[in-house]
Amino acid sequence: MCRSIKTLRPPALPDEATEDDIHAAALQYVRKVSGFRAPAAHNREVFERAVEAVAEATAELLGGLEVRGRAVRTTAE
């Protein structure tokens, strides 16, 4: 588990997750999985695509979650 990734749904996050929150979590995840803090030039494109894919999946997840009977909506929608 990436300890620097915070929970992005209420009530852990008092306000809705922003695109920046989601991107930061995606970046931390890809860094952890790849083992690279910053990729070399020849890996940059695939690294950035992975961050974008994880961010999109995270926004979709947060947009579909129901917490205590209410839908969680993010500003990324």
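Colleague: Which parts of the structure should I look at to understand the layout of surface pockets?
Modeller: Over the atoms, a rolling probe the size of a water molecule traces out where space has been left empty. In this structure, the largest pocket occupies an estimated 230 Å³ of space. Ile5, Lys6, Leu8, Thr58 and Leu61 are the residues nearest the centre of the largest pocket, which is lined by 13 residues in total. Secondary structure elements with two or more residues in the lining of the largest pocket: helix H1 (19-34) and helix H2 (44-64). Residue contributions to the lining of the largest pocket peak at 4 residues, all from H2. Taken together, the residues of the lining of the largest pocket break down into 9 nonpolar, 2 polar and 2 charged.

Conventions we followed
- Residues numbered from 1 in each chain as written.
- Predicted model: local features only at pLDDT ≥ 70, side-chain atom pairs only at ≥ 80, totals over all residues.
- Heavy atoms only, no water.
- 1 Å grid on protein atoms, 1.4 Å probe; cavity = no way out; pocket = protein on both sides within 12 Å on 5 of 7 lines; lining within 4 Å.
- Points joined across faces, edges and corners; volume = space filled by probe spheres on them.
- Helix = DSSP H or I, 4+ residues; strand = E, 2+ residues; numbered from the N terminus.
- Nonpolar A, V, L, I, M, F, W, Y, C, P; charged D, E, K, R; others polar.

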